[in-house]
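Chains, contacts and geometry: an overview
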Amino acid sequence: MARLADYFVLVGYDAEKRGSGDGQGQILQRFPEKDWEDNPFPQGIELFCQPSGWQLFTERNPPTFFVAVLTDINSERHYCACFTFWEAVESAQPQSHPRNGEEEEEESASPVQPAQLFAPKSLVLVSRLDHAEVFRNSLGLIYTIYVDGLNVSLENVIGNLLTCTIPITGGAQRTISLGAGDRQVIQTPINDSLPVSSCSVALLFRQLGITNVLYLFCAALTEHKILFLSSSYQRLTDACRALLALMFPLKYSFTYVPILPAQLLEVLSTPTPFIIGVHSIFQSETQELLDVVIADLDGGTVNVPECVHISLLPEPLLQQTREALSMVLDPELEVADLAFPPSTISASSLKMQDKEIRAVFLRLFAQLLQGYRWCLHIIRIHPEPVIRFHKAAFLGQRGLTEDDFLTKVLEGMAFAGFVTERGAPYRSIDLFDELVAYEVKRMRAEEGNKQKILRHIKELAEKLYKNENPYPAVTMHKVQKPTEGCHLRLHQKPFPRLDEGTVQWIIDQATAKLQTAPPAVKAEKKCMVPSGPPIAAIMERNGNALANSARRLEVVRNCISYVFENKMLEAKKLFPAVLRAMKGRAARHCLTQELNLHVQQNRAVLDHQQFDFIVRMMNCCLQDCTAMDEHGIAAALLPLVTAFCRKLSPGITQFAYSCVQEHVVWTNIQFWEAMFYSDVQNHIRALYLDSSEENHTDEEGTEEPQEARSALEIASEQLRLWPTMSREKQQELIQKEESTVFSQAIHYANRMSYLLLPLDTSKNRLLRSSGLGDVESVSNSFVTNSIAGSVAESYDTESGFEDAESSDVANYVVRFINRFVDKVCTESGVTNEHLKGLHVMIPDIVQMHIETLDAVHRESKRLPPIQKPKLLRPNLLVGEECVMEGLRVYLMPDGREEAAGGNIGGPPLLPAEGAIFLTTYRIIFKGTPTDPLVGEQVVIRSFPISSLTKEKKINIQAQVDQFIQEGLQLRSCTFQLLKIAFDEEVASDSAEVFRKHLHKLRYPQHVHGTFAFTVGQSPKQAMQPKAKEKNPSLRTLSKNLVKNAKKTIGRQYVTRKKYTPPAWEQRSSQHFPEDNEDEISVSEEMDRSTLTPTTTIRPSEKMTINHLVERACCRDYQRLGLGTLSSSLTRSKNEPFRISTVNRMYAICRSYPGLLIVPQSIQDNTIQRISRCYRQNRFPVVCWRNSRTKAVLLRSGGLHGKGVVGLFKSQNAPTAGPSQTDSTSLEQEKYLQAVINSMPHYADAGGRNTLSGFTSAHMSSAGKWGSIRASGRMSSYALNVEIGSRLAGKDLLGAQHNGAPAEASFLRQHRASLYIIGDKSQLKGVKPDPLQHWEVVPIEVFDVRQVKASFKKLMKACVPGCPSTDPSVAYLRSLEESEWLSQIHKILQISVLVVELLDTGSSVLVSLEDGWDITTQVVSLVQLLSDPYYRTLEGFRLLVEKEWLSFGHRFSHRGAQTLAGQSSGFAPIFLQFLDCVHQIHLQFPMEFEFSLYYLKFLSYHYISNRFRTFLLDSDYERIELGLLYEEKGERKCQQVYKSIWDYIDRLNKKAPVFFNYMYAPEDGEVLRPYSNISNLKVWDYYTEETLSEGPSYDWELVQGQPEHMEEADRQDTSAPQTKRKIIWPCYDNRSRMEPDAISKLLEDLHNLEMELGQVPERWKDTWDKIKASQRTEARQEGSRTPSSLLMSSGLSHHRRSLGVYLQESGVGSTLNLSLDSDTSSTSTPSSGKQGGRRSTSTLYSQFQMSESENRSYEGSLYKKGAFMKPWKPRWFVLDKTKHQLRYYDSRMDTECKGVIDLAEVESITPGTPTMGAPKTVDEKAFFDLKTTKRVYNFCAQDVQLAQQWIDRIQSCLSDA
């Protein structure tokens, strides 16, 4: 029972304090005057009576009523019902305060009396019960008595009111009367835990609407601040009450003030959440509140500020709630669209609607919190239950971990209260408990069925309504009301002062009566709270996902069982799949369960490999766990990490926990709490289970089924029994529970120290100072000494710092554990003594653990790292040395997708694990793929060091279960990229050493340092890691340079002297002179005036010239008929050209060859003067002559800028006298004229024959010139107007498009005799001069910078560093942006133009840039296109030697081969030329003797520095180093080829790799390739790679690898043999795995010859023979047979390729390539069978030598097979020693087909021919051999042989 009202208060206007602006109220009277003991009088009531402030009014207002709510310090709510009416202020007031009054009057300055004023007065009831209607009636009655002057004592009424007691709950109706003839019925709710809302909820929804209220609801639950505004106080109270009612079963526990008085408005800026109502007049003051959600009830709006984010309900629930609410509030909505809407539909009454809305929210909470009881941990049962909620597990099982809303709700205060209140297992239950326990399944089933949902809502609403109004017929109230308008009466007496005594007396009477009355004990119905279905049972919706993962779980289980059965290979294969499966929750649970099965008695000792696997799985499992561990994975693993261990050495065991510490979950204190509580719960449950079993042994049979009772059920049972227990028993139980918790706390202190102390505590590395360990710092590898990493070795553990450092870690861990222990122990009621004991123990525990760890750490470092594949050593070339032993690395996939499996499919060869080796020649990676399914393959990727273009450090994650490692990305201009990640065992300083060595080898000080020179010398001592650099410093170098400079310039180098590089030691000690000379010659432009020929010719000129004659140039000049040396010496005048020796000492031009072709008429001294006009002194010289038209091709450097161009410019510029320039220009003119005169047609044409009309305007038109000059990306591809026609003055209609020049038949009429192709920028302002016979063609070319830039982009396009996610960076686009093909197009275009001109009889001088880059490209291509000789192997070599090497293309400089060139970078001018040749080759496949592989071979080796051919920048430098003529001396060390040409020759003799089988040249054909970009192809050299063997260009390395694999396959005879070969892209070498037909035939032929023991014929001879015979066949037949089509050389039609390709024979056949031997007859050739299985003939001969006595007689006989089998010839061997007759299939055969034991032979008789015997043989040659088993029939070739055989066998028999 409770008092209906605690206090009655009369509050009035305080006239005393009126002057202070706002008025104030004062309490006039209060009853009772003493506070009740159980309920002190609340302060500040006067503020709440007039919330908007006490003011006087000029008129009477009608009385008002509202209920304010005050909350006291114990968070009890007091309901203040305020009834306010207005009274006139006594006029005596002004007199009592004269001063105030006077002032006012003076201010108003008016004689008029102020109008009558009215002051408010309030009657207030304070109660702890919320019966608003009863209060309204009671206060109304008191007012009525006063106003209407009823004859009733107010004191009596108030006394009765204050003494009235009513039951709080139970649904009883109580009728009360206050003694004024009134009667009221008070209805109590049945269950007071359900809130009473009457209509307030429905009203709230009417005012704000569904969405707004849902916003408010979520805001309240997620602890936001909510402010209601309204001009009605009652509505504010109702709205707040409604919001609280919606939150049931959660209770709002923050500030709750439905009506906030004006004086307390600053409360709104409190930082805590609140629900407050404020009158609308203060709206302006609420504007600046930034984080408050404001609901305006009158306007129906909810305003959420920008900075506030309200998490809404999780999705399906939000939508369902909205739909349900609209069904309740707006039932017409459903049928609004129907044609015949039912007439009856209407919303329920307001009261009912109110309950229906609440039912919707009740359902919502039941769905949100379903299964919550399964996540409660009960930690103590006695003396009172302590319960904790396992939030993470709840969220995890509900699958809502990501959900903002639920997470916030569970963390909120309201939910904490909910757990405390509703967690108790034994209490009375209400509607919510039933709903969440029994109706969840129903709600799930009804989802989506609106009718059923509505029915359920109505049922619930019914129950809620019943709770508030249990009895349908409510007795009528009878309460007097005042008469209408009574408040307007003029002469109303003020409210009387009441007599306190009377009231007090009434109250005292009642209290006395109450004390004597027996206490009404209402028995509470307590029971066990039902738990409802477990969450798992409810969450069955993702059944399909489970089915899907069944297969994965199977894999996980198998893998674990393999590990424990020690089937490591099997486990390794499944392992990646297991790691992938670990992404799924089911697989992780499965792992923990499976591992659990393998733990016996808390301990499982594993061997190292098993341990390793288990640790990796655990790590992978934990890797995806959040710190919350919502799925309980870490919780399940926690006991396991302390169970699995391995013995490191006697007495030292390492547990798994030391390898799985690196996960955030271990640093999360909530995780440890949840774990602790669940363990405590299990122990407490066990405690009571045991005791109950002891007590109820007899009932055991009945209790069996309910064996697994949950902890909550046990607890509720215990709580029920508690009151019945004796005091001692109670104490004993409390004691037991407390010690259980205490022992668990000790256990957990240990556990936490296990997981928090790092294995290596000596390092001051607080893994988790941040709370989250810095994950990168520790490589959690699967090396055994995992966590310590290998960094620890650098510390000196013996140092004195150890203690200090470890104590840091220790302190941190001790603090962490102390915090934990404090929290859990205080919560679970551990006694203080115990807690102190714990604090003393913890540091000891930690210290002890650190000591054991030290031993473990020491031992684990000694363990050999297991599980790493052994490092495979790469094959090295002869003379190639390893500089650095292999560093263990992972080769990571880059942007090329083939190797990584990619979209092409196929196995992921990368990432691969292996090692990177640095040799003097290459960088090599060799290893095996990490994917175990391709683990048998070997992956090799390498490139020459000299081709390295870029090296950058990167960080990559090498493996799924590993942390980020440092790595390198190395890019090579052989289109290769090594992206490597160093293994954690590689210390970072060794990675640095690797980089330094790499750099030193890439950029040697001098060309001597390159591999081609150092090969064969041991570089070891210079290259030991950490050794001091031995090369001399730059300073000493430069001193030497200066000293020797003067000598050098005047001195001529004796070429005959043989140069041998000194050994490394000498080289480092004293720097020898040759070096310096070279430095000078490279680095300084010399003063040319000192180099006049006379000064340099000192030694025997004859020698030098002899050597020069042997050079390529000279041979070629003689072939072209450009003069011989003898003629130039005897000066015969009939030849137009002569070979000049003017440059034999390289005095005039360093970069030209020694012998040059110049016009006959020009003297040597003139030449020297002319040369000064050209860049680098490269004056025009002839390099080729067209044998038909006799036009010549000349090359030179560009002209110097100085007035020399004046030669071509208009001659009107006045010249000051005959200056030097003038004379040189004249000489230059003379020179060019001499060239023109040399052309035979010049004489016949007669007179001037340039084009008079050929103005510069023409030149810029869109003709051929125009197109070539057009800058940028050369848009005008289709060259509409041909150069020929332009020159001929006609427009050719037939000008072909497509970039192919037209027929040049009539270009004979007018054209210049000499065209000078020059750079447009140099020839600015050049006007064609009608007097000259030459014409200048200015074109725009790209410079070297553009080539470099373009090449970089090309490399990135072909070998991207990482897969591009952005489609705009696709391969073709980046290829286009590189503009590489545009440059090739340009070069081809210019070349075709020059070919055209030469073919029509004009000479051409190519004079671009310095004359050694683009000039060389163009000149070489022109010769290749014009002259078929250069399209042979020999001719191409000559072309390269002449135009590229002799004419000084700067290979070393452009290839950045030495330190000096490092800054300038790599410029692939020669590669570009080879690409052009490749384009031409593709278009004319039958014109070239060499294959495309030959071009790739050159492309690779011209930058590889393996040969000396392409080193240095000119012949001069090569002679100076003694390179050029060295090989003419006695050939030493042949196996190391100095020249690439020798190497190619010898290779070509042995195998047809460089030969193009389609070679069938047309005589003297000039090629005119298409040059449009659409006709160009990207060279596959840029994109292909062979991972099985690395680049195929170092021929010795690649030989004889692939068939090893086949051998291995063959041994496994059990497996069915298959002929199928699987060829992987980018792994296998296609051309070798599947050679083209001709290579295959040649190879077979070779093998057959070997079989027959003949000396194999050279493949070339065979080929030539076959071709010859083909031709004769073709002639005989007259018609072409298909077979001869390919071979015949007269294929005139279809010259261009129409896709007739033979597969390029790359590294074709496996013919014998032992390059060391010159004569292939002596070497034992390896036949096609592998493993070098020697051919039978050699085996056979061995056999004969060693066992000749065993072969007494042998020969060929025919043998009749068994019954019904044919006769077959066999090779028989009679063996006396073994006493047997053996036979073989053929003489070559090594395997015996059968044996006849002579011991079994009975007789030999002459035989007779039978069926199928050989026809031609005499029948006397037949004989039979009868053994005990059968009769053998034989037949010899003739009678004598037969006789011989019979005799031999007989003698054998008789011997026996």
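Here's a quick rundown of the structure. (Residues numbered from 1 in each chain as written. Predicted model: local features only at pLDDT ≥ 70, side-chain atom pairs only at ≥ 80, totals over all residues. Heavy atoms only, no water.)

1. Examining the overall build of the protein chain
The secondary structure content of the protein chain amounts to 64 helices and 42 strands. Across the 1856 residues in the protein chain, those meeting the buried criterion constitute 54%. Of the contacts formed within the protein chain by residues at least 6 apart in sequence, a portion of 72% connects residues at least 24 apart. Roughly 82,300 Å² of accessible area belongs to the protein chain as shown, and the carbon and sulfur atoms make up 53% of that amount. (Helix = DSSP H or I, 4+ residues; strand = E, 2+ residues; numbered from the N terminus. Buried < 20%, exposed > 50% of the residue type's maximum accessible area, 1.4 Å probe, protein only. Contact = heavy atoms within 4.5 Å. Areas by Shrake-Rupley, 256 points an atom, 1.4 Å probe, with all protein chains shown as cover.)

2. Observations regarding the sheet that holds strand β21 (residues 652-655)
Strand order in the open sheet formed by three strands is β19-β20-β21, and the pairing between neighbours is mixed. One side of each edge strand has no neighbouring strand; the edge strands of this open sheet are β19 (604-605) and β21. Sheet analysis places strand β20 (residues 644-649) next to β21, joined by four bridges and oriented antiparallel. By the bridge assignment for β21, Cys-645 is matched with Phe-655. Relative to the sheet, helix α23 (residues 608-623) contacts β20 and β21, its axis offset from that of β20 by approximately 140°. (Pairing = 2+ DSSP bridges. Axes fitted to C-alpha atoms, helices over the stretch in contact; angles between N-to-C directions.)

3. Some thoughts on unusual backbone geometry
Cis peptide bonds are those with omega within 30 degrees of zero, and the linkage from Phe-248 to Pro-249 qualifies with 10°. Note that the residue after Leu-910, namely Pro-911, is joined by a cis bond; omega there is 0°. On the secondary structure map, Pro-911 appears in the loop between β22 (882-891) and β23 (912-919). Despite not being glycine, Gln-1176 has its phi angle at roughly 55°, a positive value. Relative accessible area serves as the criterion here: at 24%, Gln-1176 is assigned to the partly exposed category. The phi torsion at Leu-1512 lies on the positive side, around 65°, for a residue other than glycine. Counting through the fold element by element, Leu-1512 comes out in the loop between α54 (1492-1501) and α55 (1515-1520). Given a relative accessible area of 2%, Leu-1512 falls into the buried group.

4. A look at the environment of Val-1181
One can find Val-1181 in strand β31 (residues 1181-1185). In the structure, Val-1181 is positioned 13 residues away from Leu-1194 in sequence and 5.3 Å away in space, judged by C-alpha atoms. If we skip the residues at most four places from it in the chain, Val-1181 touches Tyr-1152, Leu-1156, Ile-1157, Leu-1193, Leu-1194, Arg-1195, Tyr-1231 and Phe-1447.

5. Some remarks on the nonpolar core
Phe-228 and Phe-644 are the most contacted members of the largest nonpolar core, which totals 261 residues. Here the element with the most residues in this core is helix α29 (residues 802-827); it accounts for 11 residues. Trp-1184, Ala-1357, Leu-1388 and Tyr-1581 belong to the second-largest nonpolar core, a separate cluster that totals 139 residues. (Core = buried A, V, L, I, M, F, W, Y, C linked by side-chain atoms within 4.5 Å.)

6. What about the sheet that holds strand β11 (residues 255-257)?
Read across the open sheet, the five strands follow the order β11-β12-β10-β13-β14; overall the sheet is mixed. The sheet is open, and its two borders are formed by β11 and β14 (301-303), each paired with just one other strand. Direction aside, neighbouring strands of the sheet carry axes that sit 20° apart on average. Where strand β10 (residues 225-230) meets strand β12 (residues 274-279), five bridges bridge the pair, whose relative direction is parallel. Its bridge partner being in β12, Leu-227 is matched across the sheet by Ile-276.

7. Some details on the packing of aromatic side chains
For the coordinates displayed, the defined rule picks out 83 aromatic pairs. Consider the rings of Phe-1497 and Phe-1554, whose centres lie 5.0 Å apart with planes at 65°: the pair is edge-to-face. With Phe-1497 in helix α54 and Phe-1554 in the loop between α56 (1540-1550) and α57 (1595-1598), the pair connects residues that are 57 residues apart, well separated along the chain. For Phe-1497, a relative accessible area of 0% gives the class buried. When its relative accessible area of 0% is taken as the criterion, Phe-1554 is described as buried. Summarising the aromatic geometry, the rings of Phe-1555 and Trp-1659 are spaced 5.2 Å apart at their centres and angled 55° between planes, so their arrangement reads as tilted. In this pair, Phe-1555 is assigned in the loop between α56 and α57 and Trp-1659 in helix α61 (residues 1659-1677), connecting sequence segments 104 residues apart. Look at Phe-1555 and you get buried, because its relative accessible area is 3%. (Phe/Tyr/Trp six-rings, centres within 6.5 Å; stacked < 30°, edge-to-face > 60°.)

8. Quick look at the environment of Pro-383
On the secondary structure map, Pro-383 appears in the loop between β15 (376-380) and β16 (386-389). With relative accessibility at 39%, the residue Pro-383 sits in the partly exposed group. Residues Pro-383 and Ile-734, spaced 351 residues apart in sequence, show a C-alpha to C-alpha distance of 6.4 Å. If near-sequence neighbours (up to four positions away) are discounted, Pro-383 is found in contact with Trp-722 and Ile-734.

9. Some words on the environment of Ala-392
Within the secondary structure, Ala-392 is located in helix α12 (residues 391-398). Along the chain, Ala-392 and Cys-375 lie 17 residues apart, while their C-alpha atoms are 9.1 Å from each other. Among residues more than four places away in sequence, those in contact with Ala-392 are Met-628, Asp-629 and Glu-630.

10. Side note on the packing of helix α4 (residues 132-148) against helix α5 (residues 154-163)
Following both chains from N to C, one finds α4 and α5 inclined at 170°, their axes separated by 10 Å at the closest point. Taken together, α4 and α5 sit at an angle that is classed as roughly antiparallel. Across the interface between the two elements, Ser-138, Leu-141, Ile-142 and Ile-145 of α4 pack against Leu-154, Val-157, Ile-158 and Leu-161 of α5. Class assignment of the residues belonging to the contact of α4 with α5 gives a composition of seven nonpolar, one polar and no charged. (Parallel < 35°, antiparallel > 145°, perpendicular 65-115°, else oblique. Nonpolar A, V, L, I, M, F, W, Y, C, P; charged D, E, K, R; others polar.)

11. Description of the packing of helix α9 (residues 315-329) against helix α17 (residues 450-468)
A pair of packed helices can be characterised by two numbers: the angle between their axes and the separation between those axes. One way to put it is that α9 packs onto α17 with a least axis distance of 11 Å and a crossing angle of 70°. Here α9 lies roughly perpendicular to α17, going by the angle between them. Between α9 and α17 lies a crossing whose hand is right-handed. Mapping the contact onto sequence places Glu-323, Ala-324, Met-327 and Val-328 in α9 and Lys-450, Ile-453, Leu-454 and Ile-457 in α17. Here the contact of α9 with α17 is built from residues that sort into six nonpolar, no polar and two charged. (Left-handed = near helix turned anticlockwise from the far one by under 90°.)

12. Quick word on the pattern of salt bridges
Should the charged atoms of two oppositely charged side chains come close, the side chains can pair. If you walk through the whole model with that rule in mind, you get 70 salt bridges. For Glu-1585, the salt bridge is made with Arg-941, and the minimal N-O distance between the two is 2.6 Å. Here Glu-1585 is found in the loop between α56 and α57, whereas its partner Arg-941 is found in strand β25 (residues 939-944), with 644 residues between them in sequence. With a relative accessible area of 13%, Glu-1585 lands in the buried category. With a shortest N-O distance of 2.9 Å, Arg-1506 and Asp-1594 are connected by a salt bridge. In this pair, Arg-1506 is assigned in the loop between α54 and α55 and Asp-1594 in the loop between α56 and α57, connecting sequence segments 88 residues apart. An identical accessibility class is assigned to Arg-1506 and Asp-1594; each is buried. Linked by salt bridges that have partners in common, Asp-1116, Arg-1119, Arg-1195, Asp-1427, Lys-1442 and Glu-1443 make up one network. (Salt bridge = Lys/Arg side-chain N within 4 Å of Asp/Glu carboxyl O.)

13. With respect to the pairing of strand β36 (residues 1753-1760)
Where β36 and strand β37 (residues 1767-1775) come together, eight bridges link them in antiparallel fashion. Directly across from Lys-1760, in β37, lies its bridge partner Trp-1767. The pairing of β36 with strand β42 (residues 1831-1835) spans two bridges and is antiparallel. In the sheet register, Lys-1759 faces β42, and the bridge partner there is Phe-1834.

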